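Chain and residue survey
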Amino acid sequence: MDVGTWARWCFRHKWVVIALWVVVLVGTIGASSSLGDKYANVFDLPGTDSSKAISLMQEAFPEQAGETDTVVWRVDEGSVRDDEVRTRMTAALEKVAAQPDVGSVASPYGEAGAGQISEDGRTAYASVTFTKQGNELEIEQMKALIETARAPAGDGLAVEVGGATVALAEAPPAHLSEIVGVLAAAVVLFLAFGSLFGMLLPIITTLFAVGTASATIALLSHVTTVPEVSTWLAMLVGLGVGIDYALFIVTRHRKGILAGRTPEEAAVTAVNTSGRAVIFAGGTVCIALLGMFALRMSFLNGVTISAALTVVITVIASITVLPAMLGVLGMRVLSRRQRRRLAAEGPQAENKARLTARWSLYVEKHPRVLAAAAFAAMLVIAVPALSLRLGTSDQGNNPETSTTRQAYDLLAEGFGPGFNGPLQVVAEVPGPQDRTALDGLVERLRSTEGVAQVVPVPAGATSKVAIVQVVPTTNPQSEETSELIDRIREDVVPAAEQGSALRAYVGGGTALGEDFADTLAGKLPAFVGAIVALGFLLLLVAFRSIVVPLTAAVMNLIAAAASFGVVVAIFQWGWGGEFLAAGRPGPIEAFLPVIMLSLLFGLSMDYQVFLVSRMHEEWVHTRDNARAVRVGLAESSRVINAAGVIMICVFSAFMLSGQRATAMFGLGLAGAVALDAFILRTVLVPALMHLFGASNWWLPGWLEKRLPHFAVEPPEEDGTGHDGLVVHGFVHTADGSPVEGAAITLLASDGGQADRVLSHVDGGYVLTAPEQGLYVVSVEARDHAPHTADVSVGAVPVQRDLRLAPADTRAH
């Protein structure tokens, strides 16, 4: 069953299809609600120092498990040891200890708590250890912890709470960003369609897909490792591509009805054309995402599966439930005004966007200037990407008003910038004779530049694993801390190990983030090369050209560089500040480039396919590159721009999530789509294609014979591949022989030239009129007499074959 036949079946059995989707949606949501989820944020970095350190610690100290949060307090005057402060905080900590799932509270007022009070005596902290991991704790428990711990605050006493799970308690309401994104997309769709029902179709289709995908991902977490980040990433991807894919199909469907087709035929044609392009575009996104498996990093496998699954479900919804809903609505997919006009005046060609047509003509006249300006603009925007530094966000990047950020700042102020990210040097001490080497390691660490404090953690005399906590003088995200980690690993540890069986490894959260960033950065070039090569091959088959896929590959790299430039400027350089939810400037999330590149590759391919497929169709008919690029840009840019605006709205809304990593993804993808849709595909790509001329469509003969044939978006079955406002046919002699290279001109009633093409090898030609009315078709060819014909152009394409007589006959 092909796509068109499948669409017809869904249209005719609309209630069955909709009922099946409702059952699937309700069933998966019900199952995930009853079973819950088992998300696990597991980093597996085999062969790294931090990974070995974690393994040794888990083996030697298995009891140190569960979420650990910190209660920090500071007095404006006096000391935290003062009786009044001590009494108030001790009572609060006792209440914290009595809360559910709290295993222990290490107070600075205990026997071993002297180290938990700063040297000036004005800052102290208590460690609250739960019996469960953070993902097993409820948000309400964190809110109760914050409220209980901060109860004594006031009268010169500041109390704040830090912790990863605590930060979730301060996040905006769940799904706020998704709701805002959908509402913004709905506004754009309503403005584009002018119809309430037309606006609702893409929204409902996407909600079916995203709802099913989200519930399925939660179920998958029971059978494979799925990190928590997968849920919002899948939501972000699903909303973005889902609404866009439905937009392309609904736009083609409405166009078919306006041209006189029945709703059923319009739906079948829309799915058989734009639906095929959606399948191709979705497939490229999935392939790019699945390319992350090549990185061989278990943390990304769950992210990859979740995002790819969401895209697959979205594509399936677009070609099943969408045509079913088109069957329910019938003519109501048009606005009331359009329905009245269609009933009164009959089929009408959709109004051409004069603005896009004028812009397309302007690009054709000034390709060099526009290409240079667009390229320069993209390079300038990409400049910050040269200073890209990968790392991991921490609570120091949270908004200034959050309790986690204030707790972070209080600890940094009282105990030093490096206190929030201590390093843990974990050493294997095989025998008693190696204790001397361990003591030497401790002394070397204390004399190392960049180290503020070295504290050996007490261990049993027979223990073969020792832990030395190293507090840097700089904060966890600074370059100096990264240099300190390298210095300890490359100089300090080897010197201490020399001549002994001692083996030491640098671990801790800061070192783990550093290793994760280094590992990904090392694999990034090969990954980029793989997805760029894949895109080249796909477009090579689709458009049977060498230059088009090469141009697309370069454009994808430029788009990625520019989008990273935006992210670096705002989140690493701090240009956006608190206003854009960037928090304190810091490194870019280590896993962001890989995931963003996969998504950007797929999204860029979407726009390239929808733009160039129309150009390619025109090139096949006319063999006129300038016309192909001009017509393709004029007819495709409007829907590409609308799709771009929708994606920008959806992605930007994720900046309201309250999470720095989520905001980083949202802004990065929104910026990338804006640059791609409004600069690359609207200016740079068509300008370059005008400059390249017919070379755009060059393909060696030997390669042409070996490539499989695949039509991304086949022409509609109207005989020409064009809708309305078209004059087409063949130029031939009296005996029926085709005339190649004949110049055919379409003249308006005022004598102005509306279009001009050359007939190709079979004599075929296609002329496009700017509006309905009377025209004159004039044809000239060497060794033949000129010929003219009157035509009336309306909503239905006009076929007019032109027969030429020999030059000496002079016949009309």
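One structure accompanies this document, and this report is about it.

In spatial order, the strands read E2-E3-E1-E4; together these four strands make up an open sheet with antiparallel pairing. Every other strand in the sheet has two partners, leaving strand E2 (102-106) and strand E4 (157-162) as the edge strands with one partner each. Adjacent strand axes in the sheet meet at a mean angle of 20°, parallel and antiparallel pairs treated alike. With seven bridges joining them, strand E1 (residues 68-75) and strand E3 (residues 123-130) adopt antiparallel strand pairing. From the neighbouring strand, Thr 68 faces E3, where its bridge partner is Thr 129. Running at roughly 165° to E1, helix H4 (residues 83-97) makes contact with E1, E2, E3 and E4 of the sheet. Along the sheet face, helix H16 (residues 403-415) touches E1, E3 and E4 and points at about 110° away from the line of E4.

Once that is clear, we can look at the nonpolar core. Nonpolar side chains in soluble globular proteins tend to be buried together. Leu 300, Leu 520, Phe 591, Ile 595 and Phe 651 are the most contacted members of the largest nonpolar core, which totals 154 residues. Every residue in contact with Leu 520, bar those within four places of it in the chain, is listed here: Leu 295, Met 297, Leu 300, Ala 590, Phe 591 and Val 594. Core analysis: the second largest hydrophobic core is formed by 25 residues, Leu 137, Leu 145, Val 161 and Ala 169 among them.

It is worth spelling out the sheet that holds strand E7 (residues 451-457) at this point. An order of E7-E8-E6-E9 is seen for the four strands of this open sheet, with the pairing classed as antiparallel. Each end of this open sheet is capped by a strand with a single partner; those strands are E7 and strand E9 (503-507). Neighbour-to-neighbour, the strand axes of this sheet turn through a mean angle of 20°, independent of strand direction. Judged from the six bridges that link them, strand E6 (residues 423-428) and strand E8 (residues 465-472) form a sheet pairing that is antiparallel. When the bridges of E8 are listed, Ala 427 appears paired with Ala 466. Across the face of the sheet, helix H17 (residues 435-446) comes into contact with E6, E7, E8 and E9 while running at roughly 160° to E7. On top of the sheet, helix H18 (residues 479-497) reaches E6, E7, E8 and E9; it is set at about 170° to E9, its chief contact.

Okay, a negative patch on the surface next. A surface patch of like charges, here negative, comprises Glu 479, Glu 480, Glu 483, Asp 486, Glu 490, Asp 491 and Asp 518. When residues of the negative patch are assigned to their parent elements, the largest contribution, six residues, is made by H18. Note on placement: Glu 479 falls in helix H18. Under the relative-accessibility criterion, Glu 479 is labelled partly exposed at 47%.

Turning next to the pattern of salt bridges. Oppositely charged side chains are able to pair whenever their charged atoms sit close together. This structure, assessed with the given rule, holds 17 salt bridges. Arg 74 is the salt-bridge partner of Glu 413, the closest N and O atoms lying 3.3 Å from each other. Remark: Arg 74 occurs in strand E1 and Glu 413 occurs in helix H16; sequence separation between them is 339 residues. Classification of Glu 413 as exposed rests on a relative accessible area of 53%. Between Arg 489 and Asp 515 there is a salt bridge, with the nearest N and O atoms lying 2.7 Å from each other. Of this pair, Arg 489 sits in helix H18 while Asp 515 sits in helix H19 (residues 509-543), and the two are 26 residues apart along the sequence. Accessibility assignment for this pair places Arg 489 and Asp 515 in one class, buried. Residues participating in the shared-partner salt-bridge network are Arg 8, Arg 12, Glu 264 and Glu 265.

What counts, and where the lines are drawn
By convention here, each chain's residues receive numbers from 1 onward along its written sequence. Per-residue local features are limited, in this predicted model, to residues with pLDDT of at least 70; the limit for side-chain atom pairs, both in listing and counting, is 80 or more; totals at the level of whole chains, interfaces and linings are taken over all residues. Each side-chain value is worked out from all heavy atoms of the structure, with water and hydrogens disregarded. DSSP bridges decide pairing: two strands pair if at least two such bridges lie between them. Secondary structure elements are taken from DSSP: a helix is a run of H or I of four residues or more, a strand is a run of E of two residues or more, and numbering for both begins at the N terminus. Note on geometry: axes are lines fitted to C-alpha atoms, helical ones only across the stretch in contact, with angles between N-to-C directions running from 0 to 180 degrees. Contact between two residues is taken to exist if any of their heavy atoms lie within 4.5 Å; hydrogens are not considered. Throughout, nonpolar core names a set of buried Ala, Val, Leu, Ile, Met, Phe, Trp, Tyr and Cys residues whose side chains join them through atoms within 4.5 Å. Each residue is assigned to one of three classes by its accessible area relative to the maximum for its type, calculated with a 1.4 Å probe on protein chains only: buried under 20%, partly exposed between the two thresholds, exposed over 50%. Patch building starts from residues that exceed 30% relative accessible area and form no salt bridge, then joins like charges within 9 Å and nonpolar side chains (Val, Leu, Ile, Met, Phe, Trp, Tyr) within 5 Å. The Shrake-Rupley method, run with a 1.4 Å probe, gives the accessible areas here. Residue values count only the displayed protein chains as cover. Any carboxyl oxygen of Asp or Glu within 4 Å of a side-chain nitrogen of Lys or Arg constitutes a salt bridge here. In this count, Lys and Arg are taken as positive residues and Asp and Glu as negative ones, while His and the chain termini are left out. For this purpose, a charge sits on NZ of Lys, CZ of Arg, CG of Asp or CD of Glu.

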